[in-house]
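Working through the structure, step by step
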Amino acid sequence: MKSIFSLFILLISFLPSKSQDNLIPSSIKTNSSILNDFMDQRFGMFIHWGPVTLRGTEIGWSRGVNVPIDDYDNLYKEFNPTLFNADQWVKVAKDAGMKYLTITAKHHDGFLLWPSSISDYNIMNSPYKVDIVGALATACKKYDIKFCIYFTVLDWHDPNYPIHIPDGKNIDSKADMNKFVLTMKRELKELITNYHPYMLWFDGNWESPWKNEYGIDIYTYLKKLDPNVIINNRIGANSEHPKLGPGILGDYATPEQKIGELNMNDPWETCMTICQQWAWKPNDSLKTLKVCIQTLAKVAGGNGNLLFNIGPMPDGRIEKRQVTRLKEIGDWLNLYGESIYRTKGGPFQPNEIYATTRRGNKLYVHVFERKSDQLVLPAMPEIRVKKAFLLRGANIDYKQSKGVITLQLPRQLPDQNDSVIVLELNTNAENIPVVSQTKYNSLII
Ligand code: FHN
């Protein structure tokens, strides 16, 4: 039966189809209410961690490059993060105002952070015999944080995957992709069955051995295990991560290390590092609080989520300076989170001066820079402001003429990174059409 199904998938995958996503019956696609709930969360923690932290080099990518393969593949024998504390990690996410957490259960180096019966290359064969994935899943439940799993498509360690080093050009003829996909399915079944992730963050879908029909098969398989699990757009064979739509499989788009384009139709999530490297690196440069908060506001202003990455240290602790930075973001969200969570982005394209989010009859204007005494918003015909005030602050003077709203900015804005002005409108702000970039440009002062 399975071979007939696989043959069917293979055959239809060669059909001239307008859109690959038609190959996933809409009856099994993640339903919109679940995706809307995901997008309401707005802010999540990404965690890249594994034995490679012992070398302080990049997870996966340094294998066979900065760290000899044999050295890299035996690091797990020294990996003993005795200061790992899942509750502490999840509390850091909670205190940062993050609503979901995504752990690299399996990255490109193939090491598994859970006690798998499929591969011995897992945490239980390190000196630190703790189910990291399970501990984080439990802690997330305890602190009401949605638990998510990162899972790599490519695996440079697995002999059945045809490429064995980063950017490898040699295809190993002894490899067997059918066996590899079977291993992948068995590992994913362990993860879904034992940890019930809210979302699966696939990655590494750009190398030649991976084909779209494998992605269709895996997506369909996962939906049989859990019809509600959210799956990102890195399960099909593509490298167009910032996009969704024809030819791209998955529930939402995943722009990386950059703020996604304003998009009111397709769900998207920017993933970004709080430092430079995904995995921990000694003395890596840490993003300023201004960059962190303005990135979150611009992503939300674009109608997206931010998956913000930390790299815990080899002993299991998160660097104090990363904990401090995250707490500072959480402090800002404690004051102004209503302008981020459960909002929609738009109607203006975020820019270096401001971004806007909206919910019900409220339009939130995130002011990043006080370029002058006034801030002029592009015309919104038929829209009338009934009241303008600083979120948790004083009223703001404003004028409006032919839909153009001019805000009188206070001499001193309350927050040097992002001061939020609330405009209470005569209508539902979420229904205002997106204002095109050109209209906005003409009004930059
Ligand atoms: O190769 C990975 C990289 O190591 C990291 O996991 C990022 C996070 O999204 N994704 C890939 C690069 O696009």
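Residues numbered from 1 in each chain as written. Predicted model: local features only at pLDDT ≥ 70, side-chain atom pairs only at ≥ 80, totals over all residues. Heavy atoms only, no water.

**Some details on the overall build of the chain**
Applied cut-off: Going along the chain from the N terminus, every DSSP run of H or I of four or more residues is numbered as a helix, and every run of E of two or more is numbered as a strand. Only the C-alpha atoms count toward the radius of gyration. The rule for a globule is 2.2 Å times the residue count to the power 0.38. Remark: exposure states derive from per-residue accessible area (1.4 Å probe, protein chains only) relative to the maximum for the residue type, with buried under 20%, exposed over 50%, and partly exposed in between. The criterion used for residue contact is that any of the two residues' heavy atoms lie within 4.5 Å.
A count of helical and extended segments in the chain gives 10 helices and 15 strands. The C-alpha atoms of the chain give a radius of gyration of 23 Å, which matches the 22 Å a tight globule of 445 residues would have. Taken over the C-alpha atoms alone, the chain extends approximately 70 × 50 × 40 Å along its principal axes. Looking at the 445 residues of the chain, the share that counts as buried comes to 59%. A separation of at least 24 residues holds for 70% of the contacts in the chain among residues at least 6 apart in sequence.

**Things to note about helix 9 (residues 320-336)**
As a reminder of what qualifies: For a helix, the expected span equals 1.5 Å multiplied by the number of residues minus one. Throughout, the arc means the angular range of directions from the helix axis out to the C-beta atoms.
With 17 residues, helix 9 should reach 24 Å at 1.5 Å per residue; the first-to-last C-alpha distance of 24 Å fits that figure. Of the residues making up helix 9, those classed as buried are Gln 322, Arg 325, Leu 326, Ile 329, Gly 330, Trp 332, Leu 333 and Tyr 336. The buried residues of helix 9 occupy one face: seen down the axis, they fall within an arc of 160°. Exposed positions of helix 9 whose direction lies more than 90 degrees from the buried face are Lys 320 and Asn 334. For helix 9, the elements touching its buried residues are strand 1 (43-47), helix 4 (86-95), helix 8 (289-301), strand 7 (305-310), strand 10 (362-367) and strand 15 (419-425).

**Description of the UniProt feature "domain: Glycoside hydrolase family 29 N-terminal" (unreviewed entry) in the chain**
Selection criterion: UniProt positions are given in the numbering used here, feature names are shortened, and annotations may be inferred rather than shown by experiment.
Sites flagged by UniProt as "domain: Glycoside hydrolase family 29 N-terminal" (unreviewed entry) map to residues 32-338. Taken end to end, residues 32-338 comprises 32% helix and 12% strand; its first and last C-alpha atoms sit 22 Å apart.

**Side note on the UniProt feature "site: May be important for catalysis" (unreviewed entry) in the chain**
In the numbering adopted here, UniProt assigns the feature "site: May be important for catalysis" (unreviewed entry) to Cys 271. In this fold, Cys 271 is placed in strand 6 (residues 269-273).

**Observations regarding the site of the ligand**
Rules: We call a residue near a molecule or strand as soon as one heavy atom of that residue lies within 4 Å of the molecule or strand. Distance and chemistry together define a polar contact, namely a pair of N or O atoms within 3.5 Å, with one atom able to donate a hydrogen and the other to accept it when in protein, and with adjacent residues in sequence counting only for side-chain atoms on both sides. Here the Shrake-Rupley method, with its probe set to 1.4 Å, supplies the accessible areas, and only the displayed protein chains count as covering residues. Charged means Asp, Glu, Lys or Arg here, nonpolar means Ala, Val, Leu, Ile, Met, Phe, Trp, Tyr, Cys or Pro, and polar covers whatever is left, Gly included.
Residues in contact with the ligand amount to 13 residues; listed here are only the nearest, His 48, Trp 61, His 108, Asp 203 and Glu 256. At 2.7 Å from an oxygen atom of the ligand is found a side-chain nitrogen or oxygen belonging to His 48. One of the side-chain nitrogen or oxygen atoms of His 108 is found 2.7 Å away from an oxygen atom of the ligand. Within the complex, 92% of the 330 Å² of free accessible area of the ligand lies under protein. Here the residues of the shell around the ligand sort into seven nonpolar, three polar and three charged.

**Description of the environment of Ile 230**
Note that Ile 230 resides in strand 5 (residues 230-231). Ile 230 sits in the buried class, given a relative accessible area of 0%. Taking C-alpha positions, Ile 230 is 8.5 Å from Phe 38, a pair spaced 192 residues apart along the chain.

**Focus on unusual backbone geometry**
Between Gly 346 and the following residue, Pro 347, the backbone shows a cis peptide bond with an omega angle of 5°. Residue position: Pro 347 is located in the loop between strand 8 (344-345) and strand 9 (354-359). The backbone of Asp 167 shows a phi angle near 55°, a positive value even though the residue is not glycine. A relative accessible area of 53% means that Asp 167 is categorised as exposed.

**Regarding the domain arrangement of the chain**
Here is the rule: Each domain's extent is set by a domain assignment, obtained either automatically or from a database. Summed over both partners, the accessible area (1.4 Å probe) lost when two parts come together is defined as the buried area.
Segmentation of the chain into domains returns domain 1 (14-339) and domain 2 (344-443). Here domain 1 and domain 2 have C-alpha centroids that lie 35 Å from each other. Residue-level contacts link 21 residues of domain 1 with 27 residues of domain 2. Taken together, the two surfaces of domain 1 and domain 2 that pack against each other cover about 2000 Å², and 55% of this comes from carbon and sulfur.

**Observations concerning the sheet that holds strand 9**
Threshold: Two strands form a pair only when DSSP identifies at least two bridges running between them. Each axis is a line fitted through C-alpha atoms, taken for helices only over the stretch in contact, and angles between the N-to-C directions span 0 to 180 degrees.
Strands sit in the order 8-9-10-15-12 across an open sheet of five strands; the sheet is antiparallel. With partners counted over all chains shown, the strands left at the sheet margins are strand 8 and strand 12 (385-390), one partner each. Here two bridges tie strand 8 to strand 9, and the two strands are oriented antiparallel to one another. Directly across from Gly 345, in strand 9, lies its bridge partner Thr 357. Strand contacts of helix 8: strand 8, strand 9 and strand 10, with the helix running at about 55° to strand 9, the strand carrying the most contacts.

**Digging into a positive patch on the surface**
Inclusion rule: Patch rule: a residue counts if its relative accessible area is over 30% and it has no salt bridge; like charges are joined within 9 Å, and nonpolar side chains (Val, Leu, Ile, Met, Phe, Trp, Tyr) within 5 Å. Only one rule defines a salt bridge in this text: a Lys or Arg side-chain nitrogen within 4 Å of an Asp or Glu carboxyl oxygen. For the charge count, each Lys or Arg is scored as positive and each Asp or Glu as negative, with His and the chain ends excluded. For the purpose of locating charges, the reference atoms are NZ of Lys, CZ of Arg, CG of Asp and CD of Glu.
Taken together, the side chains of Lys 94, Lys 99, Arg 342 and Arg 359 make up a positively charged region of the molecular surface. Looking at where Arg 342 falls in the secondary structure, it is placed in the loop between helix 9 and strand 8. Residue Arg 342 is classed as partly exposed on the basis of its relative accessible area of 44%.

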